[in-house]
2 protein chains.
Amino acid sequence: MQGVETIKRSSSGSGLTERQGAVLEQALRLLVDGGERALTTAGVARAANCSKESLYKWFGDRDGLLSAMIAFQASKVRTLDVSGGVLDAASLKAHLVAFAKDLLDVLAGDVSLALNRLAIGQASREGSKLGRLLEERGRRQIGRRAGALLEAGRKAGLLAFSDAEEAYGALYGLVVSDWHLRMLLGENPSGLKKNFGLRAERAVDAFLALYGRKV
Amino acid sequence: MQGVETIKRSSSGSGLTERQGAVLEQALRLLVDGGERALTTAGVARAANCSKESLYKWFGDRDGLLSAMIAFQASKVRTLDVSGGVLDAASLKAHLVAFAKDLLDVLAGDVSLALNRLAIGQASREGSKLGRLLEERGRRQIGRRAGALLEAGRKAGLLAFSDAEEAYGALYGLVVSDWHLRMLLGENPSGLKKNFGLRAERAVDAFLALYGRKV
DNA sequence: CTCCATCAGTACCGTACGGTACGGTTCGCC
DNA sequence: GGCGAACCGTACCGTACGGTACTGATGGAG
């Protein structure tokens, strides 16, 4: 108990060593490729060239591993702050379209879909611990970015709404509709995956028709 | 091979005997209560007072049982046709609000949530067979009802849209937003489950602001 | 009554998983 | 060099599940 603190922390200071991060990376890969059934402790250990004993030492049990995977993935997604110069109508729309496209891209991502499927499958039992974690780390973040953007638009006199949450819900619904659920159910490969730009633009147009201030 | 056709078919002529329907009912109950892990062949046999051998005889294997559960549940949900008299603005809005509220009620139902969780969890492997089945039997039906309603509104000169699919997507998104996903992730018990009437009304107002013809 | 099909109940088998324990190896530190 | 911690690889254990086989009971048809 003297000089023992030379542990190499990972880049993101979330108490994980680089080795553990690499293990979580492999675990995510397994999950994306084969779903929850492929995510066995033996499989993770084999894919990551580590021992099961280490897995249990680092993450406690299987649920701890799942939680660590979600936290790890969330820590890699950084929502770029807007906070650009002053807003005019054109730049607000551009920011909204960029947000909408980013949202669609994130939701359609392999890892996001796999983690959402995992948390949803786990939601029945155990009080949906993973679901709440995923919501906290994922939706909360992107909701903050949207909230800031909407608030900036209102301050600039370009948007009119009373309840920010309601306006955000409308924006989200117009952008995503039932696409997220359909992708979660497995309906993707039909190439209709890259109208995201067009989808985003039309959704923002509709949103502005609802909440944009007449000029 | 003479008089052997005294088999008692169930009420819905989907080739299922009443006994088999009762078994599927118990299976759905198990799924709703305990999630996929609780839906074991032994558990279903015990809950339904039948033998595992009968289960495999009737449904082939576990996947066949799951598919039968989805088909069985879908066969019980009947979408009432609209097809009332002529539409005016008030009755169109009333129909839209009723549709929106029904949609929210269906999506928030125990069995619907459990089946969606099941299909989503299964979507990674096996080409998402269950997902497509659920989409065909569920979304297609309710989409037809909405499509007919929107088309009637357009014929009556009350709605203006070029792409019916796009208009339906906007309506769905405004009504549901991310509520379905949040419920799938397990975030329900906070009593905010019965603003459905209010939610439906506001969403329809927004939809009419977008696609309603100025009077 | 007898035959036959169906079905409940149970025992059984192979497999696969979560979790633990142990031997052997590397590596930093005194 | 020698010590100890961390760790890989693997073997191991208990359990639980999907699926199959067998026995006995029921009930309808001839």
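Residues numbered from 1 in each chain as written. Chains lettered and ligands numbered in written order. Predicted model: local features only at pLDDT ≥ 70, side-chain atom pairs only at ≥ 80, totals over all residues. Heavy atoms only, no water.

Things to note about the packing of helix H1 (residues 18–34) of chain A against helix H6 (residues 110–122) of chain A
Residues and elements named next belong to chain A. Interhelical geometry of H1 versus H6 gives an angle of 80° and a closest axis separation of 9 Å. With respect to H6, the axis of H1 lies roughly perpendicular. Each of Leu-28, Leu-31 and Val-32 in H1 lies in contact with H6, whose residues at this interface are Asp-110, Val-111, Ala-114, Leu-115 and Leu-118. Its residues placed into classes, the contact of H1 with H6 shows seven nonpolar, no polar and one charged. (Axes fitted to C-alpha atoms, helices over the stretch in contact; angles between N-to-C directions. Helix = DSSP H or I, 4+ residues; strand = E, 2+ residues; numbered from the N terminus. Parallel < 35°, antiparallel > 145°, perpendicular 65-115°, else oblique. Contact = heavy atoms within 4.5 Å. Nonpolar A, V, L, I, M, F, W, Y, C, P; charged D, E, K, R; others polar.)

Considerations on the protein's contact with DNA strand C
In the neighbourhood of DNA strand C, 15 residues make up the surrounding shell, with A:Lys52, A:Glu53, A:Arg62, B:Arg19 and B:Ser54 lying closest. What you see for DNA strand C is that sugar and phosphate hold 57% of its atoms within 4 Å of the protein. Taking A:Arg62, its side chain carries an N or O atom lying 2.6 Å from a phosphate oxygen of DNA strand C. Take B:Arg19: an N or O atom from its side chain is 2.7 Å from a phosphate oxygen of DNA strand C. When grouped by side-chain class, the residues that make up the surface near DNA strand C number three nonpolar, six polar and six charged. (Near = heavy atom within 4 Å. Polar contact = N/O pair within 3.5 Å; in protein donor to acceptor, adjacent residues only side chain to side chain.)

Observations regarding empty space enclosed by the protein
One pass over the full model with this rule turns up five cavities of 30 Å³ or more. If you go around the largest cavity, you meet 17 residues; those closest to its centre are A:Glu36, A:Gly121, B:Glu36, B:Arg37 and B:Gly121. Counting residues per element, the lining of the largest cavity draws most heavily on helix H6 (residues 110–122) of chain B, at five residues. Of the residues in the lining of the largest cavity, the class split is four nonpolar, six polar and seven charged. (1 Å grid on protein atoms, 1.4 Å probe; cavity = no way out; pocket = protein on both sides within 12 Å on 5 of 7 lines; lining within 4 Å. Points joined across faces, edges and corners; volume = space filled by probe spheres on them.)

Things to note about the interface of chain B and chain A
The partner chain A presents 35 residues to the 35 residues of chain B that form the contact. At the junction of chain B and chain A, the tally comes to eight salt bridges. Across the pair B:Asp178 and A:Arg139 runs a salt bridge whose closest N-O atoms are separated by 2.0 Å. Here the side of chain B that touches chain A takes six residues from helix H8 (residues 164–176) of chain B, the largest share from any one element. Class assignment for the residues of the side of chain B that touches chain A results in 13 nonpolar, 11 polar and 11 charged. (Salt bridge = Lys/Arg side-chain N within 4 Å of Asp/Glu carboxyl O.)

Quick look at the domain arrangement of chain A
All names here are of chain A. Segmenting chain A into domains produces domain 1 (18–75) and domain 2 (78–211). Taken together, the contact between domain 1 and domain 2 spans 12 residues of the former and 13 residues of the latter. Carbon and sulfur atoms supply 71% of the area buried between domain 1 and domain 2, which totals about 1,300 Å² over both sides. At the junction of domain 1 and domain 2, the tally comes to zero residue pairs in polar contact (both at pLDDT 80 or more). Elements represented by at least two residues in the side of domain 1 that touches domain 2 include exactly H1 and helix H4 (62–76). (Domains from an automatic or database assignment. Buried area = accessible area lost by both parts, 1.4 Å probe.)

Brief notes about the relation of the copies chain B and chain A
Overlaying chain B with chain A gives an RMSD of 0.1 Å, the required rotation being 180° about an axis along which the chain moves by 0.0 Å. Taken together, the turn and the small shift mark the pair as related by a two-fold rotation axis. Considering only C-alpha atoms, the residue of chain B closest to the rotation axis is B:Gly173, which sits at 1.9 Å. Mapped onto chain A, 100% of the interface residues of chain B again fall at the interface, so both copies present the same surface. (Least-squares fit on C-alpha atoms with pLDDT ≥ 70 in both.)

As for the protein's contact with DNA strand D
Taken together, 14 residues sit near DNA strand D, with A:Arg19, A:Ser54, B:Lys52, B:Glu53 and B:Arg62 positioned nearest. Measuring from a phosphate oxygen of DNA strand D, one finds a side-chain N or O atom of A:Ser54 at 2.8 Å. Of all the secondary structure elements, the ones that give two or more residues to the surface near DNA strand D are helix H3 (52–59) of chain A together with helix H3 (52–59) of chain B. Taken together, the residues of the surface near DNA strand D break down into three nonpolar, five polar and six charged.

Description of the packing of aromatic side chains
Residue and element names in this part refer to chain B. Under the definition given, this model contains eight aromatic pairs over all chains. Seen in terms of ring centroids, Trp-58 and Phe-59 are 6.3 Å apart; in terms of plane orientation they differ by 85°. Their pairing is edge-to-face. Geometrically, the ring pair formed by Trp-179 and Phe-196 is edge-to-face, given 6.1 Å between the ring centres and 80° between the ring planes. In this pair, Trp-179 is assigned in helix H9 (residues 179–184) and Phe-196 in helix H10 (residues 196–211), connecting sequence segments 17 residues apart. In this structure Phe-196 comes out as buried when scored by relative accessible area, which is 1%. (Phe/Tyr/Trp six-rings, centres within 6.5 Å; stacked < 30°, edge-to-face > 60°. Buried < 20%, exposed > 50% of the residue type's maximum accessible area, 1.4 Å probe, protein only.)

Points about helix H2 (residues 41–48) of chain B
All names here are of chain B. Those residues of H2 that sit buried are Thr-41, Gly-43, Val-44, Ala-45 and Ala-48. Against helix H1 (18–34), H3 and helix H4 (62–76) lie the buried residues of H2. After H2 finishes, the residue Asn-49 shows a positive phi value of roughly 55°.

Quick word on the packing of helix H5 (residues 89–107) of chain B against H10(B)
Geometrically, a packed helix pair is captured by the angle between its two axes and the distance between the axes. All names here are of chain B. Taken N-terminus to C-terminus, the directions of H5 and H10 make an angle of 130°; their axes are 8 Å apart at the nearest point. When the axes of H5 and H10 are compared, the pair comes out oblique. Where H5 crosses over H10, the two elements pack in a sense that is right-handed. Of the residues in H10, those in contact with Lys-93, Leu-96, Val-97, Ala-100, Lys-101, Leu-104 and Asp-105 of H5 are Phe-196, Gly-197, Arg-199, Ala-200, Glu-201, Val-204, Asp-205, Phe-207 and Leu-208. A class-by-class count of the residues in the contact of H5 with H10 yields nine nonpolar, one polar and six charged. (Left-handed = near helix turned anticlockwise from the far one by under 90°.)

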